[in-house]
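Tertiary structure, described
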Amino acid sequence: MTTNQTNPISVIIRTYNESRYIENLLIGLKSQTLKNVEIILVDSESTDDTVQVAQKYCDHIVNIKKADFTFGYSLNKGIEKATNNHIVLISAHTIPCDNTYLENLTKPLSDLSVAMVYGKQVGDLDSRFPEYQDLLRTFGDQPHILKAPNYFSHNANSSLRRTAWHAHKFNELLPGQEDIEWAKYWMERGLTVHYEPSAKIIHSHKESWKQIRNRFRRESLAMKRIGMLRLSSMITMLFSEISRLGLDLLNVPKTEGFQNPIKDIILYRLNKFL
């Protein structure tokens with residue numbers, strides 16, 4: 001079922017010490033073909049000048065305590081402030097690749113059978129080489145529809161309707177994967193998730209090894225809580241990471257500009273599996 005109604009958009013950005021990236025993102029959002037865009041920043045007590053920079057561009061700044069932060073909580077606080085039905089969720093350390101990004105990311109929501117849309121992500125030379133490769137594998141060039149039990153979405157670059165969020169808000173107790181839990185809820189009720197590669201962002205994402213271990217630990221705990229991680233999953237992941245390690249090593253000569261790619265490949269795969 002479709003509707004021809006055109007909806008204004010509210011964009012939610014979560015931040016903590018993102019002064020290096022935030023202005024480029026906000027400039028990119030202000031340069032979109034869609035102009036009726038509300039920008040809401042949810043900041044977790046940044047100690048740099050993230051908020052001061054963002055104030056020039058944002059319609060609302062929502063301040064939350066760092067101690068209260070979860071991904072679901074920060075998203076819920078931002079969407080509570082939104083005045084529009086079409087909601088875009090985007091990571092603070094990203095940049096839209098063109099000025100039709102918002103239009104492309106929200107257009108599939110005109111189909112009311114689509115609960116959520118997520119777009120394409122590509123890395124840059126600030127990324128670790130294996131994560132750059134993983135983004136290429138995960139986010140292909142062809143659009144497709146995901147149905148249960150193929151549960152997936154990604155809140156670094158996604159859109160949804162506020163009316164659906166009212167009916168089922170993001171889980172504030174999960175340490176991560178709140179996007180997959182939200183998508184799973186609606187997919188189990190017959191709706192779908194749309195992957196739209198024309199809604200493309202550059203995602204800079206270079207973390208320390210401790211941050212990488214912690215990220216995958218949080219995500220694993222969350223996947224277990226929502227019933228999507230079992231012993232068989234771990235065995236499958238082990239073989240997958242070994243395969244990806246080999247493919248990454250084969251691809252090293254094809255890509256220039258990355259620092260210490262072989263070291264990064266080995267340590268990234270090890271820390272991810274640990």
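Look up a bit, the structure's there.
This section reports on the structure supplied with the text.

Rules used throughout
Residues numbered from 1 in each chain as written. Predicted model: local features only at pLDDT ≥ 70, side-chain atom pairs only at ≥ 80, totals over all residues. Heavy atoms only, no water. Helix = DSSP H or I, 4+ residues; strand = E, 2+ residues; numbered from the N terminus. Expected span 1.5 Å × (residues − 1). Contact = heavy atoms within 4.5 Å. Buried < 20%, exposed > 50% of the residue type's maximum accessible area, 1.4 Å probe, protein only. Polar contact = N/O pair within 3.5 Å; in protein donor to acceptor, adjacent residues only side chain to side chain. Arc of directions from axis to C-beta. Pairing = 2+ DSSP bridges. Patch = residues over 30% accessible without salt bridge, like charges linked within 9 Å, V, L, I, M, F, W, Y side chains within 5 Å. Areas by Shrake-Rupley, 256 points an atom, 1.4 Å probe, with all protein chains shown as cover. Salt bridge = Lys/Arg side-chain N within 4 Å of Asp/Glu carboxyl O.

1. A look at helix α9 (residues 231-251)
Between its first and last C-alpha, α9 extends 30 Å over 21 residues, near the 30 Å set by a 1.5 Å rise per residue. The inward-facing, buried residues of α9 abut α5 (129-138) and α10 (261-273).

2. Points about the side chain of histidine 194
Within the element layout of this structure, histidine 194 appears in strand β9 (residues 192-203). Taking the relative accessible area as the measure of exposure, histidine 194 reaches 14% and is therefore buried. Within the structure, histidine 194 has its side chain in polar contact with the side chain of glutamate 196 (distance 3.0 Å). When sequence neighbours within four positions are dropped, the list of residues in contact with histidine 194 reads Pro108, Val114, Met116, Val117, Tyr118, Pro143, His144 and Ile145.

3. Looking at α10
Helix length check: α10 (13 residues) gives 18 Å between terminal C-alpha atoms against 18 Å at 1.5 Å per residue, within 8%. Inspection of α10 places Pro261, Asp264, Ile265, Tyr268, Arg269, Asn271 and Lys272 among the buried residues, and these make up the whole buried set. Seen along its axis, α10 keeps its buried residues to an arc of 170°; they face one direction. Where α10 is buried, its residues meet α5, α8 (209-225) and α9.

4. Details of the pairing of strand β4 (residues 86-91)
On a regular strand, each side chain points to the face opposite its neighbour's, so the side chains alternate between the two faces of the sheet. Among the 6 residues in β4, 6 count as buried, and that is most of the element. Residues His86, Val88 and Ile90 point to one face of β4 and Ile87, Leu89 and Ser91 to the other, with burial holding for every one of them. In this sheet, β4 lies alongside strand β1 (residues 9-15) in parallel orientation, the contact comprising 6 bridges. Within β4, the position partnered with isoleucine 13 by the bridge is isoleucine 90. In this structure, β4 lies alongside strand β8 (residues 157-161), joined through 5 bridges in antiparallel fashion. Bridging across to β8, leucine 89 finds its partner in serine 158.

5. Looking at a nonpolar patch on the surface
A grouping of Leu231, Ile235, Leu238, Phe239, Ile242 and Phe273 is seen on the molecular surface, where their side chains present a nonpolar patch of about 610 Å² in accessible area. When residues of the nonpolar patch are assigned to their parent elements, the largest contribution, 5 residues, is made by α9. Along the chain, the position of isoleucine 235 falls in helix α9.

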